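Here's the letter readout for the chains.
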Amino acid sequence: MQDPDLAVEEIERRAADHRFVSILVLAQGETLLGRRHFWPVYRLAEKYKLPLAIHAGTQYRQAPSSAGWPSHRYEYYFVEAQAFQAQILSLIYEGVFGKFPNLKVVLMESGVSWLPAFMWRANKTWRGVRVEVPWVEREPAAIIRENFRVTMQPFDAPGDAKSVEDIIDQIGSEKMFLFASDYPHWQFDGDDPIPPNLPNSIISKMCVDNPLETFPRLSLAN
Amino acid sequence: MSEVIDRPLREDEKPVASRLRIVDCDVHPSLHSFDDLNEFLPKRWQQHLKEYGSHLRTPYLFTTPYPRSSPLIARRDAWPPSGGPPGSDLAFMQKQHLDPLDVEFGILQVLDLFIFSQQNLEFGAAIQRAINDWQLAFWSHRDPRLKASILVGQDGVDLAIAEIERCAKIGEYVQINVSPRANEPLGRRRYWPIYERAQELGLPLGIHVGGYGGHAPTGGGWPSYYVEEHQSNAHTIAAQLASLVIEGVPERFPKLKFVFIEGGFGWIPSAVWRMDQHFERFRSEVPHLKRKPSEYVREHFWFTTQPIDEPDEARQLRSLIEWVGIDRLLFSSDYPHWDFDDPRFAFKTPLTEAERKKIFSTNARAVYKF
């Protein structure tokens, strides 16, 4: 993404090969992903049904959080979730989904449990100052539920059934969830990569239906 | 968002005397003009302020990097009829806010002059000292409901400690305020002498959102709009919570209390779950931590409620409050800013009388000891 022209060239070069199913970028690059100079990439992403996959990771161009440079890897891993949140807001408020309404964005290794409160806050802030971004005509949460998908590892919640059920209920869209193991990384969530106490109805959707819907080229492979 | 009161309350709308009197943990007084500070500021620094103004890590003088939707981020009805900026006229603040909402105590949070973000540390310390005096002379002494905070810039650790000592001798301040956006995260060891002194004096650390420490407001870079920057305030607070806990500040200073102001509280459960979830995996990196992060959070940290979260359904706000813990929450209004929370309407979920009492009064009185 340092050079959108070259990125566009590479996407064009691979587009006919259906073994490529998404465009992978980092959660923390040089600038936020909503910026207009990236839009040629999103135009192709929409055209070729390649979701934009944002994976945890940084170029370390700026501090991993607004608080500054942390001492520990543990803190860095913690604040990484915030970078995904900033990317969601950037993509929405710069108007990417007004221009490319069919673009899908997949958050990879972002954590999941922050989504409800993040969406509440986004809706509230948008209601307060939407005059600044009049091209965003719907609540951010509605755009998030429609255009974003999230991988289920790490889930970042207590294992009890009630909390998991509440979080799923608050996110309010079962089609957002995608199974992921993070294999072979050490953050892999134990022997069973499916977070405990997920309702059965979600498990089959997140393992099969949702990935096929999110990555349409999976059905075209070979 | 809460309903905005853009007219004076009629007599029949005023709260009845039997209602709970509230502690408002975030009230913003404002300088009428820089001249307010002259009597507290040595000539040298008055001259400096006139000739050089602020030196901040932002692109403009006397304004913010993002236009903030509302002039001086204020409620449109909060401009005093006497002139001057919102929050600069005590009589008007009493009439519009303190009296009708039955505020028993209000804690002053001063943001003028980007007080925490001055790059010239000596100038910053002089301004902080002047504003600490101004809070007493212009506000607390004129209305004893209003409690002052000791403002210090943590990047000048020695200057900060000298100011804390000076104010502690005066004895009228209820907390020490430091910046959420300084050169380094708050947990870093260079700031520990401040925490050591705060613990000895029994003063909580108050951390109000805002300021410009030079780092991008988000971990992904600089956003384009205020609507993004506004939400990044909660990120900063969450990152500072993680820094303090993971560096072991509560472990090292077991009696120290932290109050995070204007970060809201919706983000807390997931932040604490994430810290706990990854604690086992990173444990060997942080052997100084004896307990799970959530245990430190539940003992050492309090959070003011504004801007209150507005979930789609009332029961979700209820779950959120239960997850955070009712004892952690301190009511705040943010008067006179545009995103003000009105204590009568902000909590859109039923609370018992005992719960209301904790959030609106007794939790704050216990933290601040009044």
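Worth saying up front: this structure is predicted, and the values here are computed from it rather than measured.

## Looking at the sheet that holds strand S1 (residues 23-28) of chain A
Sheet strands pair by backbone hydrogen bonding; their relative direction is either parallel or antiparallel.
Residues and elements named next belong to chain A.
Part 1 of the reasoning: An order of S1-S2-S3-S4-S5 is seen for the 5 strands of this open sheet, with the pairing classed as parallel. The open sheet has two edge strands with one neighbour each: S1 and strand S5 (177-178).
Part 2 of the reasoning: As judged from the 5 bridges shared by S1 and strand S2 (residues 52-58), these two strands associate in the parallel manner. If you follow Leu24 over to S2, its bridge partner there is Ala53.

## Re helix H6 (residues 226-247) of chain B
Residue and element names in this part refer to chain B.
Part 1 of the reasoning: Between its first and last C-alpha atoms H6 spans 31 Å; for 22 residues at 1.5 Å apiece the expected length is 32 Å, and the two agree.
Part 2 of the reasoning: Ser232 marks where H6 bends most, by close to 25 degrees.
Part 3 of the reasoning: Just beyond H6, the residue with positive phi is Gly248, at close to 90 degrees.

## Observations concerning the layout of surface pockets
Residues and elements named next belong to chain B.
Part 1 of the reasoning: As a volume, the largest pocket reaches approximately 1000 Å³.
Part 2 of the reasoning: Around the largest pocket sit 43 residues that line it, and Arg68, Leu72, Ile73, Leu111 and Phe114 are the ones nearest its centre.
Part 3 of the reasoning: When residues in the lining of the largest pocket are grouped by element, the largest group, 4 residues, is from H6.
Part 4 of the reasoning: Residues of the lining of the largest pocket, tallied by class, amount to 21 nonpolar, 15 polar and 7 charged.

## Comments concerning the sheet that holds strand S6 (residues 258-261) of chain B
Residues and elements named next belong to chain B.
Part 1 of the reasoning: Sheet architecture is open: 8 strands sit in the order S1-S2-S3-S4-S5-S6-S7-S8, paired in parallel fashion. The sheet terminates laterally at strand S1 (22-27) and strand S8 (329-330), the two strands that pair on one side only.
Part 2 of the reasoning: Relative to S6, strand S5 (residues 205-208) runs parallel, the two being bridged by 4 bridges. Paired with Leu205 across the two strands is Phe258, which belongs to S6.
Part 3 of the reasoning: The strands that helix H9 (residues 293-300) touches are S6 and strand S7 (301-304); relative to S7, the one it contacts most, it runs at about 65 degrees.

## As for the interface of chain B and chain A
Part 1 of the reasoning: The interface of chain B with chain A comprises 68 residues on the first partner and 68 residues on the second.
Part 2 of the reasoning: Each partner contributes to the roughly 5800 Å² buried at the junction of chain B and chain A, and carbon and sulfur atoms together form 57% of this total.
Part 3 of the reasoning: The tally of links from chain B across to chain A stands at 6 salt bridges.
Part 4 of the reasoning: Note that A:Lys124 is salt-bridged to B:Asp341, the shortest N-O span being 3.8 Å.
Part 5 of the reasoning: Along the contact surface separating chain B from chain A lie 26 residue pairs in polar contact (both at pLDDT 80 or more).
Part 6 of the reasoning: Counting residues per element, the side of chain B that touches chain A draws most heavily on H6(B), at 15 residues.
Part 7 of the reasoning: The residue inventory of the side of chain B that touches chain A, partitioned by class, reads 32 nonpolar, 22 polar and 14 charged.

## Brief notes about the packing of helix H1 (residues 4-14) of chain A against helix H2 (residues 39-47) of chain A
Residue and element names in this part refer to chain A.
Part 1 of the reasoning: Running from N to C, H1 and H2 point in directions that differ by 15 degrees, and their axes come no closer than 8 Å. Considering the angle they form, H1 stands roughly parallel to H2. Once H1 is placed against H2, the crossing between them reads as left-handed. Where H1 approaches H2, its residues Pro4, Ala7, Val8, Ile11 and Glu12 are matched on the opposing element by Pro40, Val41 and Leu44.
Part 2 of the reasoning: Looking at the contact of H1 with H2 residue by residue, the class counts come to 7 nonpolar, no polar and 1 charged.

## A closer look at the packing of aromatic side chains
Part 1 of the reasoning: Going through the model one piece at a time under the given rule, you end up with 27 aromatic pairs over all chains.
Part 2 of the reasoning: With a centroid separation of 6.0 Å and 40 degrees between ring planes, the pair formed by A:Tyr77 and B:Phe282 is classed as tilted. Of this pair, A:Tyr77 sits in helix H3 (residues 73-93) while B:Phe282 sits in helix H8 (residues 268-282), each in a different chain.
Part 3 of the reasoning: Its relative accessible area of 6% is what places A:Tyr77 among the buried residues.
Part 4 of the reasoning: The exposure class of B:Phe282 is buried, given its relative accessible area of 5%.
Part 5 of the reasoning: Relative to B:Trp139, the ring of B:Trp134 lies with its centre 5.9 Å away and its plane at 75 degrees, an arrangement referred to as edge-to-face.
Part 6 of the reasoning: We classify B:Trp134 as buried; its relative accessible area is 0%.

## With respect to unusual backbone geometry
Part 1 of the reasoning: Looking along the chain, the bond that leaves A:Gln153 and enters A:Pro154 is cis, with omega of -5 degrees.
Part 2 of the reasoning: Positionally, A:Pro154 belongs in the loop between strand S4 (148-151) and helix H7 (161-171).
Part 3 of the reasoning: Omega for the bond connecting B:Tyr335 with B:Pro336 falls within 30 degrees of zero, at 5 degrees, which places this linkage in the cis form.
Part 4 of the reasoning: Residue placement: B:Pro336 occurs in the loop between S8 and helix H11 (353-368).
Part 5 of the reasoning: The phi dihedral of B:Asp102 is positive, around 55 degrees, even though this residue is not glycine.
Part 6 of the reasoning: Relative to the assigned elements, B:Asp102 resides in the loop between helix H2 (90-98) and strand S2 (103-108).
Part 7 of the reasoning: For B:Asp102, a relative accessible area of 18% gives the class buried.
Part 8 of the reasoning: Positive phi values are uncommon outside glycine, yet B:Asp334 reaches one of about 70 degrees.
Part 9 of the reasoning: Along the polypeptide, B:Asp334 turns up in the loop between S8 and H11.

Rules of the game
- Residues numbered from 1 in each chain as written.
- Chains lettered and ligands numbered in written order.
- Predicted model: local features only at pLDDT ≥ 70, side-chain atom pairs only at ≥ 80, totals over all residues.
- Heavy atoms only, no water.
- Pairing = 2+ DSSP bridges.
- Helix = DSSP H or I, 4+ residues; strand = E, 2+ residues; numbered from the N terminus.
- Expected span 1.5 Å × (residues − 1).
- Bend = angle between axes of the 7 residues up to and from the residue.
- 1 Å grid on protein atoms, 1.4 Å probe; cavity = no way out; pocket = protein on both sides within 12 Å on 5 of 7 lines; lining within 4 Å.
- Points joined across faces, edges and corners; volume = space filled by probe spheres on them.
- Nonpolar A, V, L, I, M, F, W, Y, C, P; charged D, E, K, R; others polar.
- Contact = heavy atoms within 4.5 Å.
- Axes fitted to C-alpha atoms, helices over the stretch in contact; angles between N-to-C directions.
- Buried area = accessible area lost by both parts, 1.4 Å probe.
- Salt bridge = Lys/Arg side-chain N within 4 Å of Asp/Glu carboxyl O.
- Polar contact = N/O pair within 3.5 Å; in protein donor to acceptor, adjacent residues only side chain to side chain.
- Parallel < 35°, antiparallel > 145°, perpendicular 65-115°, else oblique.
- Left-handed = near helix turned anticlockwise from the far one by under 90°.
- Phe/Tyr/Trp six-rings, centres within 6.5 Å; stacked < 30°, edge-to-face > 60°.
- Buried < 20%, exposed > 50% of the residue type's maximum accessible area, 1.4 Å probe, protein only.

Remember that the coordinates give geometry; whether it matters functionally is a separate question.
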